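Structural overview
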6 protein chains.
Amino acid sequence: MLRKEHFNAAHRLHNPEWNVEDNVRIFGKCNNPNFHGHNYDLIVRLSGEVDPKTGYVFDMKILSDLIKENVLDRFDHKNLNLDVEEFKTLNPSAENIAIVIYDILREKISNDYDLKITLFETERNYVEYPI
Amino acid sequence: MLRKEHFNAAHRLHNPEWNVEDNVRIFGKCNNPNFHGHNYDLIVRLSGEVDPKTGYVFDMKILSDLIKENVLDRFDHKNLNLDVEEFKTLNPSAENIAIVIYDILREKISNDYDLKITLFETERNYVEYPI
Amino acid sequence: MLRKEHFNAAHRLHNPEWNVEDNVRIFGKCNNPNFHGHNYDLIVRLSGEVDPKTGYVFDMKILSDLIKENVLDRFDHKNLNLDVEEFKTLNPSAENIAIVIYDILREKISNDYDLKITLFETERNYVEYPI
Amino acid sequence: MLRKEHFNAAHRLHNPEWNVEDNVRIFGKCNNPNFHGHNYDLIVRLSGEVDPKTGYVFDMKILSDLIKENVLDRFDHKNLNLDVEEFKTLNPSAENIAIVIYDILREKISNDYDLKITLFETERNYVEYPI
Amino acid sequence: MLRKEHFNAAHRLHNPEWNVEDNVRIFGKCNNPNFHGHNYDLIVRLSGEVDPKTGYVFDMKILSDLIKENVLDRFDHKNLNLDVEEFKTLNPSAENIAIVIYDILREKISNDYDLKITLFETERNYVEYPI
Amino acid sequence: MLRKEHFNAAHRLHNPEWNVEDNVRIFGKCNNPNFHGHNYDLIVRLSGEVDPKTGYVFDMKILSDLIKENVLDRFDHKNLNLDVEEFKTLNPSAENIAIVIYDILREKISNDYDLKITLFETERNYVEYPI
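Let me begin by describing the structure that accompanies this report. Position labels on residues start from 1 in each chain and follow its written sequence. Chain letters and ligand numbers both follow the written order, the letters beginning at A and the numbers at 1. Local features in this predicted model are restricted to residues whose pLDDT is 70 or higher, and side-chain atom pairs enter the listing and the counts only when it is 80 or higher, whereas totals over whole chains, interfaces and linings include all residues. Note that the side-chain values use all heavy atoms of the structure and ignore hydrogens as well as water.

**Here we look at the overall build of chain A**
Secondary structure counts use DSSP, requiring at least four H or I residues in a row for a helix and at least two E residues in a row for a strand, with both numbered from the N terminus. The secondary structure content of chain A amounts to four helices and five strands. Secondary structure elements in chain A, listed N-terminal to C-terminal, are β-α-β-α-β-α-α-β-β. When its C-alpha atoms are laid out on the principal axes, chain A stretches across 60 × 25 × 25 Å. For chain A, the proportion of its 131 residues judged to be buried stands at 64%. Throughout, a residue-residue contact means that at least one pair of heavy atoms, one from each residue, lies within 4.5 Å. Considering only contacts in chain A between residues 6 or more positions apart, those separated by 24 or more positions represent 64%. The Shrake-Rupley method, run with a 1.4 Å probe sphere, supplies the accessible areas, and residue values consider only the shown protein chains as cover. Accessible area for chain A stands at about 5800 Å²; split by element, carbon and sulfur atoms hold 49% of it. Measuring between centres, the 16 positive side-chain charges of chain A sit 3 Å from its 23 negative side-chain charges. Think of it in three bands: with a 1.4 Å probe and only protein chains considered, a residue is buried below 20% of the maximum accessible area for its type, exposed above 50%, and partly exposed in between. Charge convention: Lys and Arg are scored as positive, Asp and Glu as negative, and His as well as the terminal groups of each chain are ignored. By convention, the point assigned to a charge is CZ for Arg, NZ for Lys, CD for Glu and CG for Asp.

Here it is in structure tokens:
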């Protein structure tokens, strides 16, 4: 069962242990100190047994609300580096954002369900977690 | 090898063993007794060896015809609850529709091929079977 | 300024002044007496001057709320023929649905703005009103 | 003849003549002082006569290069408020970004061609200029 | 009323009055003498009055059949330069393909309807006719 | 980590060991001796560990350049049968194109990463390799 959601956020890729030249060489335009932004598309996939009483694996409305309260309300229209606790010391690459979202939702969803995150940074660049 | 098809149908989610309040609480607007509908997007995935004579895993035209005759002709522009035998006693949730389509096609396609169904109820809500 | 929204509904195309054969000949599978359904995509376009204080033509949130209250809450997860007043005597073709939505929103939005409706019945069939 | 391009940018909607409460009330989450961002989709439409020697209205490669040099290189992976001259005193709403892009390209393209800009801030919110 | 259709075709852009260098300079990779190809998306738009008996501007099935018989059956899975009469002496640019499709359909459709063609050569390059 | 790219190409499906009738029967319109074409969408998926210094599994720019130099520059705007060495004796079905792209990229990318190719011949027909 998969649910697709959207959020907008600003970010900057930067490794404080490197000098300016190395940051620019590795992160290119994504190192812009003034930040830039994305419309992220998020797909949350839950796998499990179909409940014979409802015909659902999981209630889509409940899943949508869980994502809204725990992810969208904290990430949408935010600066990931400045406004979101998890990225104060972690580089907000697409890979790390997917892992953070996985960790947030994994706590809220019973282990009877497998959980997988797909995060589109653009229509052409995206990541999956876990692999 | 994957093939994407479409069909339109009406449905209603309802568990006859529950009272009205429980049906509304669990199924929400999907419990509307007058039915509502969807444009379903269906992805059928066949996995197997490439035939060296054709370069095909499976002939896309034959797969498309199989889906048309066995699924689309029975589901498209229908009321799933009233017009489709399998849903007279089974709740036509996205999950159950995907399972029914899987069972229909599994009979028609040699076990040399793995089969997987993805069904989009909307652009944002979709299911896969088997997991 | 354009806003895209979605709703799901069941409908049936039928002209009560015609006999069964003519209804089937003209409306085909859309004449199914048990109804069938669609995920409609709705695009509402407002044209007007940019307000220099906000940089907006119209506040997207206000437009989205107007559409939600006046269109989506009345049409989404409904049977258009049975549940929506306007279609009790009007055939719910895509063209007529677009006209009804136009008339509903035209009343709520100042004539300082031009208004145009695009309604997708499927990804491949859609209508615009006014032309 | 239409060409679709993409860019990512951060922005903040803010009117310095208003107090904090009014800015939050009008611009909502878009007023976040730390900025947020979007993947903008840009459609540039040129209308004119078909050149009988080439069969082109305008060379798509030349148009694509014009957009790249004059718009994408200046806007992509940037903070519109801080990094782009035109938005230092102009609110970077979708409407104003479309007007600025129109003005930039209008100077570079002969008046033999009509020019129209469509800018998607998200898949569901977009603007056109001129109307 | 709009209908979206698809066809695949090979083509080559070439002006026989020019030398090799000029053809390569102007048409670039599209001048490859061995041809290359596209999945074309075609949108046909008919504008007119809504028929009060049907609620239709035009019957979508009839329009779809008209396009199939007069355009898709002649262009789909063809080499436009070699297999399609109209392009034996006319360069099959997107602009010219759109004009040829317009001329073909204009003959088949009553002048009570306005007709407009949109042709996508790729998702990012497309043309409209008439302007 | 996934990267989506595009290329246009002409091809013809043909088995030289069969007679004309068998080739037409099996490959249908794809056997047109004058070739036809497609806009192929290519998705390259790399799976591996996240590098803690960058937050990347693999640098998207490096992957994009690898695909460009080794696949797009050789396939885009080409006739696969005539211009691309690998298909001089191999039928350029979607399955075989995906396998050839896999083999080309597998050589260039460390075995620390799993590699998977998805190739869309059209929006509705696509293949994956390896399964």
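Continuing now.
**Describing the interface of chain F and chain B**
Contacts between the two partners involve 17 residues from chain F and, on the opposite side, 19 residues from chain B. We define buried area as the total accessible area lost by two parts upon association, computed with a 1.4 Å probe and summed across both. For the pairing of chain F and chain B, the buried interface totals around 1600 Å² over both sides, and the portion due to carbon and sulfur atoms is 51%. It is F:E95, F:R124 and F:Y126 that lose the most area in chain F upon contact with chain B, and together they represent 41% of the buried surface on that side. Think of a salt bridge as a Lys or Arg side-chain nitrogen and an Asp or Glu carboxyl oxygen that are within 4 Å of each other. The tally of links from chain F across to chain B stands at two salt bridges. Between B:E5 and F:R124 there is a salt bridge, and its shortest N-O distance comes to 2.5 Å. Here a polar contact is recorded for every N or O atom pair within 3.5 Å, except that within protein the pair must consist of a potential hydrogen donor and a potential acceptor, and residues adjacent in sequence are included only if both atoms are side-chain atoms. At the junction of chain F and chain B, the tally comes to nine residue pairs in polar contact (both at pLDDT 80 or more).

**Overview of the relation of the copies chain F and chain B**
The fit set for superposing copies consists of C-alpha atoms from residues with pLDDT of at least 70 in both; the fit itself is least squares. Expressed as a screw operation, the relation of chain F to chain B combines 0.0 Å of axial shift with a rotation of 120°, fitting to an RMSD of 0.0 Å. Taken together, the rotation and translation describe the operation of a three-fold axis.

**Describing the side chain of A:D41**
Residues and elements named next belong to chain A. With respect to the helices, strands and loops of the structure, D41 is situated in strand β2 (residues 36–47). Here D41 is buried and forms no salt bridge, its nearest opposite-charge partner K4 lying at an N-O distance of 4.2 Å. A polar atom in the side chain of D41 sits 2.4 Å from the side chain of H6. If we ignore the near neighbours within four places in the chain, the residues touching D41 are K4, E5, H6, T118, L119 and F120.

**What to know about the pairing of strand β4 (residues 114–120) of chain E**
All names here are of chain E. The element β4 is extensively covered by neighbouring structure, given that five of its seven residues are classed as buried. A pair of strands counts as paired when DSSP detects no fewer than two bridges linking them. Strand direction decides the pairing type here: β4 and strand β5 (residues 125–129), joined by four bridges, are antiparallel. Looking at β5, one finds that I117 is bridged to Y129. Taken together, β4 and the strand that follows it, β5, pair antiparallel across an intervening segment of four residues.

Worth remembering: the numbers are spatial, not functional.
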